Amino acid sequence: MPPSPGIATRKQRAGVFSGWMPPLDGLRGLAILMVLLDHFGQGLDRHDLLQHLIKTVAGLGWSGVVLFFVLSGFLITGILLDASGAENYWSYFYSRRVLRIFPVYYFSLLVLFFGLPLVAPEVAHLTPRPQETLWYFAYLQNWDGVLFDGRGQWLVGHYWSLAIEEQFYLVWPLIVYKAGLKRLPQVALCGAAFCILLRFALVASHAAPLNIYRDTFARMDALLLGAFCACLVRNPGWVESVRRYAGWMWIAPVLVINLLRGWFLAPEVQGLGFTAAALAFAALLLGTLLTMDRRTLLQRFLCSRFMRTFGKYSYGIYIWHIVVRTLLTKLEVRTLHSELPVLLSIPVLTAASLGAGMLSYVVVERPFLAFKSRFQPRFAQPTMEEASPGMRARVHASSN
């Protein structure tokens, strides 16, 4: 069915770097697999050669969240730029964000804070105290240690990144609306530079490393660099000048993240390292986008069913993977009187987390996502002065 008059799709407004791009699902899959390996591989023994090798790779997993931030900044900024000038700019963006993010997030809070303690009271101490749960409902949980002491966060400790993204979504649409595509790249780069200066100031003032790690203003550089990428790919001249090098951009994260492995709370990494990791993943993102028309090894890997499956369900997997690990570990101890060997538990927990993410998608996410199609950007019909010469000629011909 053709779009209604005044309705424009993102694909029409931004060419091939808009709408659904299969390799980006693969990048999401890569990000969530990095997070899972980091969290599930903490019991690996460095004295065993095989486990040492796996733990070396798992040491890169902390940066999976950085990749998520870069992707989010790119996609959200692209949506906002493509909707600029729409009559329903605000309601279009926020309605679709609410449908995408809120249902499974708030459902998980109800389950973990109120349901789980009733059916499994032995894990109640792994969730925040009742008076601290309000911060989670307000998306302010990343400020633990500042607003509250943050004890009992085991099952929801990873929710800090969700809070940073939501706080970013709250103000970024206004900045995009005011700056426009022409000034937005400078805004994004200046914002990223501010993050570096802020982190150095926090390190110099001996702020707690974990507080810096979860500080919205200190970590939004990855989101801003993703936003900068969204501006770059909307510049045809830049795209054509860089496309010849795109096939090698994947090397950047391989080198940079390997150098930063396991040191994400070290002062020198918190100063410049977070931005270096974000720049490396921005290079990977751009390399992925600019080679979508080629059958490179990277494209085949990211577009594989395995990677795209993990990418499709990555949000639910991220939400549920810690509670999956906790409950399965307790089940193993009850039934086997010991935990599974770590080399067996990693694939078991990964598969179980994927299953939880798929179930969450079908039961909670998909019913709400079905309503997203009702919210499309509405653009006013162009005036004769704004219309292209071809359109003006057709209007003139039809009037005669």
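Every value quoted in this text rests on a predicted model; they were computed, and no experiment measured them. (Residues numbered from 1 in each chain as written. Predicted model: local features only at pLDDT ≥ 70, side-chain atom pairs only at ≥ 80, totals over all residues. Heavy atoms only, no water.)

Q: Give me the overall build of the protein: which residues, what numbers.
A: Assigned secondary structure in the protein consists of 18 helices and zero strands. Relative to the globule expectation of 21 Å for 400 residues, the C-alpha radius of gyration of the protein, 23 Å, shows essentially globular dimensions. Taking the principal axes of the C-alpha coordinates as reference, the protein spans close to 85 × 45 × 45 Å. Within the protein, buried positions represent 50% of all 400 residues. At a minimum sequence separation of 6, the contacts of the protein that also span at least 24 residues come to 78%. Distance between charge centroids for the protein: 8 Å, based on 36 positive and 22 negative side chains. (Helix = DSSP H or I, 4+ residues; strand = E, 2+ residues; numbered from the N terminus. Rg over C-alpha atoms; globule rule 2.2 N^0.38 Å. Buried < 20%, exposed > 50% of the residue type's maximum accessible area, 1.4 Å probe, protein only. Contact = heavy atoms within 4.5 Å. Lys, Arg positive; Asp, Glu negative; His and termini not counted. Charge placed at Lys NZ, Arg CZ, Asp CG, Glu CD.)

Q: Before we move on, could you go through the state of the cysteines and cite the residues and values that matter?
A: Scanning the entire structure with this criterion turns up zero disulfides. In this structure cysteine 190 is not part of a disulfide, and its nearest cysteine sulfur, from cysteine 195, lies 11 Å away. Of the cysteine sulfurs around cysteine 303, a residue in no disulfide, the closest is that of cysteine 229, at 18 Å. A relative accessible area of 24% places cysteine 303 in the partly exposed class. (Disulfide = S-S within 2.5 Å.)

Q: I'd like a description of the side chain of serine 360, backed by residues and values.
A: Tracing the chain through its elements places serine 360 in helix 17 (residues 342-369). Judged by its relative accessible area of 5%, serine 360 is buried. The residues contacting serine 360, other than those within four sequence positions of it, are Val104, Gly316, Trp320 and Glu365.

Q: Could you give an account of the packing of aromatic side chains, naming the residues involved and the relevant values?
A: Tallied over the entire structure, the rule returns 25 aromatic pairs. Judged by centre distance (6.2 Å) and plane angle (70 degrees), the ring pair of phenylalanine 107 and tryptophan 320 falls under edge-to-face. Of this pair, phenylalanine 107 sits in helix 5 (residues 89-119) while tryptophan 320 sits in helix 16 (residues 314-336), and the two are 213 residues apart along the sequence. In this structure tryptophan 320 comes out as buried when scored by relative accessible area, which is 10%. Seen in terms of ring centroids, tryptophan 160 and tyrosine 213 are 4.8 Å apart; in terms of plane orientation they differ by 50 degrees. Their pairing is tilted. Of the two residues, tryptophan 160 is situated in helix 7 (residues 160-204) and tyrosine 213 in helix 8 (residues 209-213); the sequence distance between them amounts to 53 residues. Three or more aromatic residues joined by ring pairs form one cluster here, namely Phe102, Tyr105, Tyr106, Phe113, Tyr136, Phe137, Tyr139 and Tyr159. The lysine or arginine in question, arginine 97, covers the ring of tyrosine 169, its NZ or CZ lying 5.9 Å from the ring centre. Arginine 219 extends its terminal NZ or CZ atom over the ring of phenylalanine 274, reaching a point 4.1 Å from the ring centre. (Phe/Tyr/Trp six-rings, centres within 6.5 Å; stacked < 30°, edge-to-face > 60°. Lys NZ or Arg CZ within 6 Å of the ring centre and 35° of its normal.)

Q: Account for the environment of serine 338, with residues named and values stated.
A: Its location among the elements puts serine 338 in the loop between helix 16 and helix 17. Here the alpha-carbon distance between serine 338 and tyrosine 159, two residues 179 residues apart in the chain, equals 29 Å.

Q: Residues and numbers for the environment of glycine 271, please.
A: Residue position: glycine 271 is located in helix 13 (residues 267-290). Each C-alpha atom, one on glycine 271 and one on isoleucine 196, is 6.1 Å from the other, the two residues being 75 residues apart in sequence. Each residue touching glycine 271, except ones within four places of it in the same chain, is listed here: Ile196, Arg199 and Phe200.

Q: Please provide a residue-by-residue account of the pattern of salt bridges, values included.
A: Counting across every chain of the model gives eight salt bridges. The partner of glutamate 122 in a salt bridge is arginine 334, and the shortest N-O contact between them spans 2.9 Å. In this pair, glutamate 122 is assigned in the loop between helix 5 and helix 6 (133-137) and arginine 334 in helix 16, connecting sequence segments 212 residues apart. Taking the shortest distance from any N to any O, the salt bridge between arginine 129 and glutamate 132 comes out at 2.7 Å. Since its relative accessible area comes to 31%, arginine 129 is described here as partly exposed. (Salt bridge = Lys/Arg side-chain N within 4 Å of Asp/Glu carboxyl O.)

Q: Summarise the environment of leucine 197; cite the residues concerned and give the values.
A: Within the secondary structure, leucine 197 sits in helix 7. Here leucine 197 falls in the exposed class, since its relative accessible area comes to 61%.

Q: I'd like a description of the nonpolar core, backed by residues and values.
A: Within soluble globular proteins, side chains that are nonpolar generally end up buried alongside one another. Core analysis: the largest hydrophobic core is formed by 108 residues, its most contacted members being Phe74, Tyr105, Tyr159 and Leu285. Ignoring sequence-local partners within four residues, the contact set of tyrosine 105 consists of Tyr136, Tyr139, Gln141, Tyr159, Leu162, Tyr315 and Ile319. (Core = buried A, V, L, I, M, F, W, Y, C linked by side-chain atoms within 4.5 Å.)

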